[in-house]
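The lines below spell out each chain.
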Amino acid sequence: MTNNKTIPHSSKKQTFKSRATRVLTSLSIALLLSSPTLAQTPTPQQMEMFKSLPASQQQALAAQYGVTLPTSTGTTEQFQNPQVMNPRVTDETANPADTTSSTTEESAQNEDTELKRFGIELFAASPSTFAPISDVPVPAEYHVGPGDEIVIQLFGKDNQTHRLRVNREGVINFPTLGPVQVGGMSFSNVRESLQKRVREQMIGVRSDVTMGELRTMQIFVMGDAYKPGAYTVSGLTTISQAIYYSGGFSESGALRDIQLKRNGKLIRRLDMYDMLLKGDTRNDVRLMPGDVVFIGPVKNTIEIDGEVNRPAIYEIQPGESYAHILNMAAGLTANAYADQVQVKRAAKNGIREVLTLALNKNAGLNTKAKNGDQVTVGKRSDELKNFVQVEGDVLHPGYYQWRSGTKLSHLFSGVDTAFNSTADVHYALVVREVNPQRDIRVFQVDLANAIMDPSSKDNLLLSSRDRVLVFNRFNLEELEALTQPAEQESTAKTFEQARQQSFEEELREKQTHDTALQQVDNQKIQLIYQGQEVDQEQIDKVKQSTRQALLAPILMQLRQQAVYGHPPLIAEVGGEVKHPGNYPIASGTTVKDLVEAAGGLTPDAFIMNAELSRNVFDAQEQRAVLDVSRINLGNALLGDVDENMQVGPRDRLNVLEQPYANLRRTVTLRGEVRFPGTYSVRQGETMSELIERAGGLTKFAHPQGAIFTREALRLQEEKQLNQYAADIRKETAKKTFRVDNNLGSTITDPEKTLAFVEEASKSKALGRMVVQLDQITGGNESADFMLEDGDFLFVPTFRNSISIMGEVQVSITYLLDNNLDVSDYLNKAGGIKKQADEDRIFVVRADGSVYKPNSGYWFGNNNEELMPGDTIVVPIDTDYRDALSTWTAATQILYQIGVAVNAINK
């Protein structure tokens with residue numbers, strides 16, 4: 001044995017390469033021979049050779065010959081039957097790298113809708129192997145021939161199994177019995193013959209005869225096949241199976257012209273449509289060795305699309321009518337419009353002509369189809385007839401059958417059972433088409449009256465195609481408000497919180513008064529609908545039945561169909577009605593009808609006086625003028641003919657509000673009052689009167705430090721602050737880019753200046769007004785004043801302290817010492833800073849008033865005493881800051897706001 005160590009490296013590589021080549025060659029031949037074409041099984045030696053190869057080569061060979069690799073455990077070394085047919089390889093699957101982004105959704109849809117030739121996809125497969133299928137039952141009429149295997153099992157006195165192959169002469173050599181002629185006989189005759197001979201010649205022995213491996217034969221599939229050529233198939237193969245093995249038909253192959261030729265003679269013609277459409281396989285005969293299956297080219301075709309059950313391109317035979325075509329296409333769908341079927345047919349001069357056929361009549365069905373016809377079966381119209389449509393807030397909306405004499409009450413079983421609980425049963429509309437152009441006319445009815453009193457005029461006689469609109473009692477704005485989350489209440493701890501809380505309480509109280517449909521339960525708002533809570537989806541469903549939603553298309557159509565001399569039949573109602581807006585009217589519509597259309601009056605309506613305005617043409621002035629009529633609305637609603645005027649197009653009814661009905665003045669008291677809260681006040685009521693209603697001040701109150709705010713002053717102060725901020729921004733930008741020798745007119749640090757301005761502009765204005773609450777409660781009428789809506793009074797707890805803030809070293813608060821003056825407190829704060837403006841130091845009293853101490857060495861000759869709650873303010877020197885003239889006014893307001901808030905919050 002040669003020592004491997006003495007073999008050079010190159011020789012070792014060559015030796016290994018040659019060995020691998022021999023293994024691959026041997027195994028390839030073995031696998032090819034073991035394919036089911038010859039119905040053999042790989043030997044153990046071949047499997048060992050296969051296992052010696054690398055895993056990658058094993059997988060490549062297995063994939064090439066369509067076999068399954070052995071299991072990893074090695075316990076089973078059995079090959080599975082290969083997959084005989086694979087789907088056809090398209091251009092995209094063959095070259096996936098060539099597919100680009102052009103394969104969009106639109107192209108995919110076009111591919112789906114493109115008609116294909118009927119039946120061709122059934123055979124659209126590519127053979128992966130030429131292996132016959134051998135594990136199929138053998139029919140009794142199968143003719144035994146050379147190559148077939150007959151299995152004879154003996155039992156009784158002699159128990160043996162003989163597998164006998166039919167030789168070329170059609171003879172099997174049966175041990176004991178000798179040669180037996182079986183060629184050309186049917187399998188059933190062979191079985192009876194063999195069983196009989198065993199029974200007669202072998203005493204005490206019985207037999208069971210079956211077919212083993214069937215013979216293989218070579219046939220040819222030619223013509224317009226997908227893959228024409230020679231194929232090795234089993235003896236059971238039929239014409240259709242041979243076509244299937246060849247991959248089916250090519251694009252030009254005819255399904256209706258398939259010929260079986262044997263020895264140059266035509267044996268049988270097969271129309272594949274007989275098998276596909278009728279299941280008729282009489283002409284699908286079995287093949288014999290050397291047979292040729294010839295597929296002819298496709299000739300005449302017709303394309304049928306649209307409302308048929310099986311749209312496709314069909315091959316037609318000469319003389320076939322459209323009755324045959326419909327049969328191929330599995331008939332018309334239920335929505336097909338068979339009265340007018342469009343047929344595009346080739347005509348002379350290279351153009352096409354259009355035929356219209358009625359395929360529901362004999363004349364159309366008997367029309368002969370021609371090559372190239374393109375048939376399109378349209379869809380039946382969705383238009384209905386003899387119906388009435390019910391929409392809106394009803395339990396069962398939809399279409400109802402109409403008969404002559406149908407009235408409104410016939411559509412509804414009852415007031416309690418036909419509508420949702422939110423429906424407005426006293427106002428509904430019947431929309432009727434009045435001409436072929438489908439212009440509409442609108443009739444207003446009372447549904448409850450029509451159902452409970454069928455003889456009333458509200459029980460309208462309906463026409464076909466009428467639409468009944470039933471509205472709910474909601475307003476779209478009210479439903480929008482229901483989706484807003486409610487705020488949780490909290491206890492006010494500061495001045496700002498107390499003021500904000502009072503504002504929210506007042507706003508919530510107004511909303512509850514104006515919208516009785518809204519219920520607040522912490523942060524959960526619910527709408528009572530059918531006795532149950534509903535979610536957002538159900539609220540959206542309710543919105544679809546509001547007057548705004550259902551009337552919008554009606555109003556639009558009325559405006560669209562209006563012409564000269566016939567203005568749109570629309571009137572407007574506004575003011576104190578539940579649903580103000582535009583409403584369709586009919587001839588004879590009155591003020592009462594218009595009010596009912598708007599949902600009725602609100603509780604604040606003034607029924608003694610309403611206005612009905614309309615445009616009338618003044619012949620003298622040659623223009624339209626406004627004519628306003630005064631109406632006693634109460635009498636009109638009671639049916640007074642004189643007051644219940646008729647409403648015409650473009651009229652407007654204005655329902656006025658009761659004088660002072662919504663004039664609600666509220667004033668909020670907080671702090672040290674006996675009964676704090678929000679009070680409704682009379683017009684002209686004074687602060688002293690309100691304090692008396694609130695039980696007066698507590699013994700801990702500090703009336704000199706009361707903070708009073710007014711909304712009008714707050715808005716004015718906020719506007720002034722915004723104006724100051726805008727002026728400072730402009731002046732900062734101007735002085736930043738100014739170039740001169742005056743250093744005092746230049747901004748040294750514009751970024752910090754603008755940052756300070758933005759921060760200062762975020763301060764909330766208070767609208768504080770100085771009040772002398774101690775004099776008001778003491779009976780001084782000159783200090784008293786009348787209250788306005790939104791006024792706010794905060795009475796703080798008495799604090800005997802003095803605060804120092806602004807440009808001092810340390811902002812601090814001290815207890816009041818009558819022996820100390822302003823300068824002493826400034827010294828206690830560490831003195832003023834370098835940028836402080838000494839000339840503008842001021843003191844803010846607890847009641848909001850301001851005074852400036854007298855001049856001297858820090859006001860040494862001051863003649864005004866400090867009071868409890870006073871705040872000493874040292875402002876910044878605006879010239880030191882950045883030479884902005886507007887800083888003086890702005891910082892003064894900001895300091896005053898800070899003082900007031902600090903006095904409350906400290």
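The rules behind each value
Residues numbered from 1 in each chain as written. Predicted model: local features only at pLDDT ≥ 70, side-chain atom pairs only at ≥ 80, totals over all residues. Heavy atoms only, no water. Phe/Tyr/Trp six-rings, centres within 6.5 Å; stacked < 30°, edge-to-face > 60°. Helix = DSSP H or I, 4+ residues; strand = E, 2+ residues; numbered from the N terminus. Buried < 20%, exposed > 50% of the residue type's maximum accessible area, 1.4 Å probe, protein only. Arc of directions from axis to C-beta. UniProt positions renumbered as here; feature names shortened; annotations may be inferred. Pairing = 2+ DSSP bridges. Axes fitted to C-alpha atoms, helices over the stretch in contact; angles between N-to-C directions.

(A) How the structure looks around the packing of aromatic side chains. The tally for this structure, following the rule as stated, stands at 9 aromatic pairs. Pairing Tyr-427 with Phe-471 gives two aromatic rings, centres 5.2 Å apart and planes at 20°, and the pair type is stacked. Here Phe-471 lies in strand β22 (residues 467-472) and Tyr-427 lies in strand β20 (residues 423-433), a separation of 44 residues in the sequence. The pair formed by Tyr-427 and Phe-471 is uniform in burial state, with each residue classed as buried. Judged by centre distance (5.1 Å) and plane angle (70°), the ring pair of Phe-708 and Phe-785 falls under edge-to-face. Taken as a pair, Phe-708 in strand β34 (residues 707-709) and Phe-785 in the loop between α22 (773-777) and β36 (792-795) lie far apart in primary sequence, 77 residues in all.

(B) Main features of helix α15 (residues 536-543). Of the residues making up α15, those classed as buried are Ile-539, Val-542 and Lys-543. One side of α15 holds all its buried residues, which, seen down the axis, span an arc of 105°. Turned more than 90 degrees from where α15 packs its buried face, Glu-537 and Lys-541 sit exposed.

(C) Summary view of the UniProt feature "domain: Soluble ligand binding" (unreviewed entry) in the protein chain. On the UniProt side, "domain: Soluble ligand binding" (unreviewed entry) is annotated at positions that read residues 303-350, 572-605, 667-703 and 804-852 here. Along residues 572-605 the backbone is 21% helical and 26% strand, and the end-to-end C-alpha distance reaches 17 Å. Summarising residues 667-703: 19% helix, 27% strand, and an end-to-end C-alpha distance of 18 Å.

(D) Spotlight on the sheet that holds strand β3 (residues 149-156). Strand order across the open sheet formed by 3 strands is β4-β3-β7, with antiparallel pairing between neighbours. Each edge of the open sheet is held by one strand with a lone partner, namely β4 (160-165) and β7 (205-211). Sheet twist, expressed as the average angle between the axes of neighbouring strands with direction ignored, equals 20°. Sheet topology note: the β3/β4 ladder contains 6 bridges and is antiparallel. Opposite Ile-150, over in β4, you have Leu-164 as the bridge partner.

(E) Geometry of the pairing of strand β17 (residues 374-377). Of the two faces of β17, only the one carrying Val-375 and Val-377 is buried; Gln-374 and Thr-376 on the other face are not. Judged from the 4 bridges that link them, strand β13 (residues 301-306) and β17 form a sheet pairing that is parallel. By the bridge assignment, Ile-304 is partnered in β17 with Val-375.

(F) Fine view of unusual backbone geometry. The phi dihedral of Asn-386 falls on the positive side, at around 55°, and the residue is not glycine. With respect to the element layout, Asn-386 can be found in the loop between β17 and β18 (387-392). Phi angles above zero are rare outside glycine, and Arg-438 is one such case at about 65°. Of note, Arg-438 is situated in the loop between β20 and β21 (440-445).

(G) Looking closely at the sheet that holds strand β41 (residues 871-874). Read from one edge to the other, the open sheet built from 5 strands follows the order β38-β37-β41-β39-β40, with strand pairing classed as mixed. Strand pairing shows two members of the sheet lacking a second neighbour, β38 (812-815) and β40 (850-851), which therefore form its edges. Here strand β39 (residues 842-844) pairs with β40 via 2 bridges, running antiparallel. Bridge pairing links Val-843 to Tyr-851 in β40.

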